[in-house]
Amino acid sequence: MKVSIVGTGYVGLTTGACLAYLGHSVTCIDADSAKVAELKAGRAPFHEPFLNELLADAQRNLTFTTDYAAAIPQSQVIFIAVGTPTGVNGAPDLKYLESAARSIGQCLAGDFTVVVNKSTVPIGSGNWVESLVREAYEKHAAEKHAGEKHAGRKAEDVFAIASNPEFLREGSAIFDTLYPDRVVVGTDQQRTREVLYSLYRPLLEQDFRAPVYLARPASMGAVPLISTDIASAELIKYAANAFLALKISYINEIGQLAEKVGADIEQVAKGIGLDARIGRRFLQAGVGWGGSCFGKDTAALISTASEYGLDSPIVKAARAVNARQRERVVEKLLDELKILKGRTIGILGLAFKPDTDDLRESPALDIARKLIERGARVRAHDPVAMERFRKENPDLKVTCCESAEEAARGCDAVVLMTEWVEYRELDWEAIRPTMRTPVVLDGRNHLDRARLVTAEYRYLGLAG
Ligand code: UGA
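Quick caveat: nothing in here was measured; it's all calculated off a predicted structure.

### Quick word on the layout of surface pockets
Picture a little ball the size of a water molecule; that probe, rolled over the atoms, points out where space is still empty.
Consideration 1: For the second largest pocket, the calculated volume is near 270 Å³.
Consideration 2: What lines the second largest pocket is a set of 15 residues, among which Glu259, Arg328, Lys332, Asp335 and Gly461 lie closest to the centre.
Consideration 3: Counting residues per element, the ones that place at least two in the lining of the second largest pocket are α9 (230-261), α12 (313-337) and β14 (458-461).
Consideration 4: Partitioning the lining of the second largest pocket into residue classes produces two nonpolar, three polar and ten charged.
Consideration 5: Two domains each donate at least three residues to the lining of the second largest pocket, and these are domain 2 (237-316) and domain 3 (323-461).

So, in C-alpha cells, the structure goes:
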C-alpha cells in the first residue's frame with residue numbers, strides 16, 4: 001500500500017521504517033529540511049538500536065520529503081505522528097497536529113484515504129482532526145472548482161479518520177513495532193477498519209521474514225487487533241501509560257518502606273511480579289520515570305479528567321512519588337557527605353533510559369541542576385547522549401567527560417542515573433583509588449552491590 005507519515009520523530013520514523021520493511025511504499029514527511037537531508041543520506045537523527053540497519057534494509061520502499069503535495073495525493077493511508085508536548089496547565093500543545101491536519105486536507109486527492117492519528121492526543125481529538133482536515137479539503141476543493149457546477153467530491157468519500165495509538169518504547173522501538181503485544185485501531189467505519197487491517201496484516205499474522213538482527217521471539221503468535229471507536233482508542237493510550245507510570249511509582253513507594261525495614265526491593269518486586277495478575281515488568285525500582293511520555297501523558301490525563309469535573313488521585317499520587325524520588329537522591333548525598341557545597345559529584349548516565357540518546361525529562365538532568373544549585377560541581381558521562389547533551393543544555397554547568405572513569409575521577413560521590421550495561425561492568429576496583437571518597441549512589445539498583453562493597457565502596461541504594 002502507499003503510505004505517508006507526517007513527522008519523523010521516534011514514532012513516525014520507526015513506523016515508517018517498519019512499514020517499508022514489511023513491503024509498503026512509504027513517504028516520510030517532515031518540515032525540518034536538515035532532518036530530511038540526514039534521512040535521505042540514510043542516517044537516523046537519533047540513537048535507536050537497529051534503526052539504521054532497518055532504514056538500510058527498507059531503503060527501496062522509503063522516501064523522505066518536506067513537501068506534502070509530493071506524497072499525500074497518492075496515499076491510501078496517512079499517519080500523523082507529530083509531537084504533542086505539554087502546553088498550558090498540563091494540556092498538550094496541539095499546534096503541530098493542527099498544522100499537519102490542515103496541510104493534509106489541502107492536498108487530499110486520492111480515491112479514499114485513511115488519515116490515522118498516531119500522535120498521543122487528548123480524548124476527542126479524533127473529531128477535531130476530522131473537522132480540520134475536512135475544512136482544509138473543502139476550502140481547497142472550492143477554490144479548485146470555482147465557477148464549476150460541482151465543488152468536487154464530498155469529504156466523506158475522500159477520507160476518514162482513525163486512531164491507532166503507539167505503544168513502542170524508546171530503546172526498543174523496532175522490536176516493539178515488529179513484535180507488538182496488540183494493535184489498537186479506533187474507527188467508526190468498517191471500510192476504514194479494513195484498510196488498516198490490510199496494512200497491518202503481515203504484523204498481525206507475523207508471517208514476514210524477521211530481520212537477521214532482530215529475531216522473532218519464540219513465544220510470538222498472531223497479534224490481537226483491538227478494534228474500538230475513536231475515543232476508546234485514544235483513552236487506551238493514556239490509560240496504558242498512566243498505569244505503567246503508577247506501577248513504577250508503586251514499586252518506588254514500596255522501596256522506601258523496604259529500606260526502612262531492611263527488605264530487598266529486587267526480591268520483593270520478583271515475589272509480587274511473578275503473580276500473573278501483577279506481572280514482573282515495570283517494577284524496576286529506582287530514581288523513577290523520565291522521558292517524553294509518562295510525565296506528559298499523566299499530566300494530560302489529569303487535565304482532561306478535570307475538564308469533566310473529575311479528580312485523578314491515583315495518577316496524581318504516581319506523579320508525586322516520582323518527583324519525590326529525585327529529591328531523595330539529593331537528600332541521600334546530603335546525609336552521606338553532610339555538605340554539598342564545593343563537593344564534586346559524578347553522574348553516570350544522562351539519557352532518560354539506556355539505549356537512547358533522548359534527554360527529555362531525564363532524572364539525571366534534574367538532579368545535576370539540583371546539585372549545582374546547592375553549590376556542587378558535577379561531572380558527567382553517557383555512552384551515547386553526550387553530544388546531544390552539549391547541544392541541548394549549553395547553560396547547564398556540567399563537565400562533560402569522555403569516559404565513566406574520567407567522570408568518577410576526584411569525585412566525592414558517583415551517582416548512577418541510567419542503567420547502561422557497561423556501567424555494571426566497569427573496572428570499579430581500578431576506579432576506587434581515583435575518587436576522593438568512594439561513595440556510589442545506585443539510582444537504578446543496577447550495580448553489583450556485593451562487588452562494590454568488597455571493593456570497599458560505600459554503596460547507597462535508593463531502596464532496599
Ligand atoms: C513509554 C511506554 O512504555 C510506551 O509503551 C509508550 O508507547 C511510550 O511511553 C509513548 O507513549 O510514546 P518510553 O517512555 O519510551 O515508553 O520508555 P519506558 O521504557 O516506558 O521508560 C520510561 C521511564 O520509566 C524511563 O525513565 C525508565 O527508566 C523508567 N522505568 C521503566 C522505571 O523506572 N522502572 C521500570 O520498571 C520501567
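What follows continues from the structure just given.
### Considering the state of the cysteines
Consideration 1: Counted under the stated rule, the structure contains zero disulfides.
Consideration 2: Between cysteine 107, a free cysteine, and cysteine 28, which holds the nearest cysteine sulfur, the sulfur-to-sulfur gap is 16 Å.
Consideration 3: By relative accessible area, which is 16% here, cysteine 107 ends up buried.

### Quick word on the packing of α9 against helix α10 (residues 265-273)
Consideration 1: Their axes nearest at 10 Å, the elements α9 and α10 cross at an angle of 130°. One element, α9, and the other, α10, form an angle in the oblique class. Considering the relative orientation of α9 and α10, their crossing is right-handed. Side by side, α9 and α10 meet where Tyr250, Ile251, Ile254, Gly255 and Ala258 of the first sit next to Ile265, Val268, Ala269 and Ile272 of the second.
Consideration 2: Within the contact of α9 with α10, the residues separate by chemical class into eight nonpolar, one polar and no charged.

What counts and what doesn't
Throughout, residues of each chain are indexed from 1 in the direction in which the sequence is written. In keeping with the model being predicted, local features are shown solely for residues with a pLDDT of at least 70 and side-chain atom pairs are shown and tallied solely at 80 or more, while totals for entire chains, interfaces and linings include all residues. Computation of side-chain values covers all heavy atoms of the structure but excludes hydrogens and water. Definitions used for this entry: grid spacing 1 Å over protein atoms alone; cavity, a set of points where a 1.4 Å probe fits but cannot get out; pocket, an open set with protein on both sides within 12 Å along at least 5 of 7 lines; lining residue, one with an atom within 4 Å of a point. Grid points are joined across faces, edges and corners, and a volume is the space filled by probe spheres set on the points. Each helix is a run of H or I in the DSSP string that is no shorter than four residues. Each strand is a run of E no shorter than two, and both are numbered from the N terminus. Here the nonpolar group is Ala, Val, Leu, Ile, Met, Phe, Trp, Tyr, Cys and Pro; Asp, Glu, Lys and Arg are the charged ones; every other residue, Gly included, is treated as polar. Boundaries of every domain are those given by an automatic assignment or by a domain database. Any cysteine sulfur atom paired with another within 2.5 Å is treated as part of a disulfide. Exposure classes here rest on a 1.4 Å probe applied to the protein chains alone. A residue is buried below 20% of its type maximum, exposed above 50%, and partly exposed in between. To obtain each axis, a line is fitted to C-alpha atoms, and for helices this fit is confined to the stretch in contact; angles are then taken between N-to-C directions over 0 to 180 degrees. Between 65 and 115 degrees an angle is taken as roughly perpendicular, under 35 as roughly parallel, over 145 as roughly antiparallel, and anywhere else as oblique. The hand of a helix crossing depends on one turn: near helix anticlockwise from the far one by less than a right angle means left-handed, and clockwise means right-handed. Every residue pair with non-hydrogen atoms within 4.5 Å of one another is taken to be in contact.

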